[in-house]
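The primary structure of each chain is shown beneath.
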Amino acid sequence: MNEPAQDKTFHRQDLARRIAALVLTDDLTSAASSGFFLSAPRRTGKTTFIRQDLVPQLESMGAHVVYVDLWKDRARDPAELIAQALRSALADLGPRALKWLTRLGIKGGRVAGVEVSLDQIGIGKSMGLGDALAALGGATDRILVLIIDEAQQANTTRAGADAMFALKAARDELNMKGKGLRVICTGSNQNKLAALTASKDQAFFGASRSDLPPLQRPFIDWICQQARSLPGTLDPEILMALFVEAGHRPEFITGALDDARFDLSLEAGQLMDAVTGYVRARMKAADEATLKVIRSLTPLQSAVFRVLAEQGAGYVPFGESTMALYARYMGEVTSPRPDTPNVQQALQSLQEKGLVWKASRGEYALEEPAVAKLLPKAA
Ligand SMILES: Nc1ncnc2c1ncn2[C@@H]1O[C@H](COP(=O)(O)OP(=O)(O)OP(=O)(O)O)[C@@H](O)[C@H]1O
Ligand SMILES: [Mg+2]
């Protein structure tokens, strides 16, 4: 007999309810209507939580949700990905949307009309993102929630930054008339997300920010219940300690359980020792892969990377004192000289190696903040 299909997700419904209530509130004293920024470190379950728990919760509370992942296709401009998500949301509504699109002056036609007219949506096109959102709001007659996963990517291109401003304008417009628009942005790096909220000239200045709590012991207990085909019994106490050691990243645990599953010489009594070894081996392998990239940097690239890691949000790439710091980190090596063109080139190479992130306005950040902790080992 077939076993019932296993739900592959551990659900956090209470957390989803709490966040959904915060987001949908019409409390005038809450900053939630300006936008809600949710961050958590990489690979800790942001997307899973949003798609599996938060979206259904928001929908069950009457919202119409549009989800867009700006990492889905890194070759495409974030503005285009946002426009594409709105186009598909409108296309899904079919004739209901057509009426609203026509009302806003977008001419469609016959059967394929919706498709044809939707091409006109986007930054710099005849129908802006705001109009598309107004049509969505009108056609659904519901509060709209736009979720932008990896929202920091919007700031890496000019069009992406423009898209965020267009969303801000739409948010103000729809919150004044109509059922309202809430924007939820997620990301894994506080510094990068801060670029969208921290200064007055940013689209989401003043938006509320929260850290998404990591998965905890109930997740580990769930893993222990779900795990099959292991040669012994899992000890949740030990597994939890390993989960914390692995930065609350589920893949280190599930991967190590797989390693144990396929280790055919393993006896029941050795299971937890083996799992411990496998989790640590996986963490070490992940660190080694990054260290290999760091060790292959040229002296100037390495100096630039270290100074950026050290200074974080206060990093000024081409300042006089920063140049002196690069030189100090380079020690005996004097070529290539730390001057503006060479530093610019080093930053470009660091971006290509996936170590550094750059906003379209010129701010830099570590692609992965956790890498800073590895630097002493790379020396
Ligand atoms: N609630 C959960 N139940 C089961 N597995 C989970 C859960 N949350 C995360 N995982 C697993 O952990 C891994 C990372 O999850 P996810 O992609 O959601 O994280 P993320 O924080 O969005 O990652 P990224 O930083 O790459 O965007 C995936 O393999 C996913 O299946
Ligand atoms: Mg994700």
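Higher on the page you've got the structure.
Everything in this summary refers to the structure shown in the same document. All values reported here derive from a predicted model rather than from experimental measurement.

1. Topic: the overall build of the chain
Point 1. Of regular secondary structure, the chain possesses 16 helices and seven strands.
Point 2. Principal axes of the C-alpha set define a box for the chain whose edges measure 70 × 65 × 45 Å.
Point 3. Here the chain holds 379 residues, and 46% of them are scored as buried.
Point 4. Counted over contacts in the chain with a minimum sequence separation of 6, partners at least 24 positions apart contribute 69%.
Point 5. Approximately 19,100 Å² of the chain is accessible, and the part contributed by carbon and sulfur atoms is 52%.
Point 6. In the chain, 45 positive and 43 negative side-chain charges are present, and the distance between their average locations comes to 4 Å.

2. Quick look at the site of ligand 1
Point 1. Around ligand 1, 15 residues are found, and the nearest of them are Arg 42, Arg 43, Lys 46, Thr 47 and Thr 48.
Point 2. In this structure, an oxygen atom belonging to ligand 1 sits 2.8 Å away from a side-chain N or O atom of Lys 46.
Point 3. Within the side chain of Glu 251, an N or O atom sits 3.1 Å from an oxygen atom of ligand 1.
Point 4. Coverage of ligand 1 by the protein amounts to 82% of the 620 Å² it exposes when considered alone.
Point 5. Secondary structure elements with two or more residues in the shell around ligand 1: helix 2 (46-60) and helix 11 (250-261).
Point 6. With three residues, the top contributor of residues to the shell around ligand 1 is helix 2.
Point 7. Residue composition of the shell around ligand 1, by class: four nonpolar, five polar and six charged.
Point 8. Among the domains, domain 1 (13-211) and domain 2 (217-293) are the pair contributing at least three residues each to the shell around ligand 1.

3. Some details on helix 3 (residues 78-93)
Point 1. Here helix 3 is 16 residues long and its end C-alpha atoms lie 23 Å apart, about the 22 Å a rise of 1.5 Å per residue gives.
Point 2. Those residues of helix 3 that fall on the buried side of the exposure criterion are Pro 78, Ala 79, Leu 81, Ile 82, Ala 83, Ala 85, Leu 86, Arg 87, Ala 89, Leu 90 and Leu 93.
Point 3. Taking the backbone nitrogen of Ala 79 as reference, a side-chain oxygen 2.8 Å away marks Asp 77 as the first, capping residue of helix 3.

4. A look at the sheet that holds strand 5 (residues 208-211)
Point 1. Here five strands make up an open sheet; going across it, the order is 2-3-4-1-5 and the pairing parallel. What marks the edges here is a single partner per strand, and that holds for strand 2 (64-69) and strand 5. On average, each strand axis in the sheet is tilted by 20° relative to the strand beside it, whichever way the strands run.
Point 2. Looking at chain direction, strand 1 (residues 36-39) and strand 5 are connected through four bridges and run parallel. Its bridge partner being in strand 5, Phe 37 is matched across the sheet by Arg 209.
Point 3. Against the sheet, helix 6 (residues 129-140) contacts strand 2, strand 3 (144-149) and strand 4 (181-187), and its axis sits at roughly 135° relative to strand 3.
Point 4. Contacting strand 1, strand 4 and strand 5, helix 8 (residues 190-197) crosses the sheet at an angle of about 175° to strand 1.

What counts, and at which threshold
- Residues numbered from 1 in each chain as written.
- Chains lettered and ligands numbered in written order.
- Predicted model: local features only at pLDDT ≥ 70, side-chain atom pairs only at ≥ 80, totals over all residues.
- Heavy atoms only, no water.
- Helix = DSSP H or I, 4+ residues; strand = E, 2+ residues; numbered from the N terminus.
- Buried < 20%, exposed > 50% of the residue type's maximum accessible area, 1.4 Å probe, protein only.
- Contact = heavy atoms within 4.5 Å.
- Areas by Shrake-Rupley, 256 points an atom, 1.4 Å probe, with all protein chains shown as cover.
- Lys, Arg positive; Asp, Glu negative; His and termini not counted.
- Charge placed at Lys NZ, Arg CZ, Asp CG, Glu CD.
- Near = heavy atom within 4 Å.
- Polar contact = N/O pair within 3.5 Å; in protein donor to acceptor, adjacent residues only side chain to side chain.
- Nonpolar A, V, L, I, M, F, W, Y, C, P; charged D, E, K, R; others polar.
- Domains from an automatic or database assignment.
- Expected span 1.5 Å × (residues − 1).
- Pairing = 2+ DSSP bridges.
- Axes fitted to C-alpha atoms, helices over the stretch in contact; angles between N-to-C directions.

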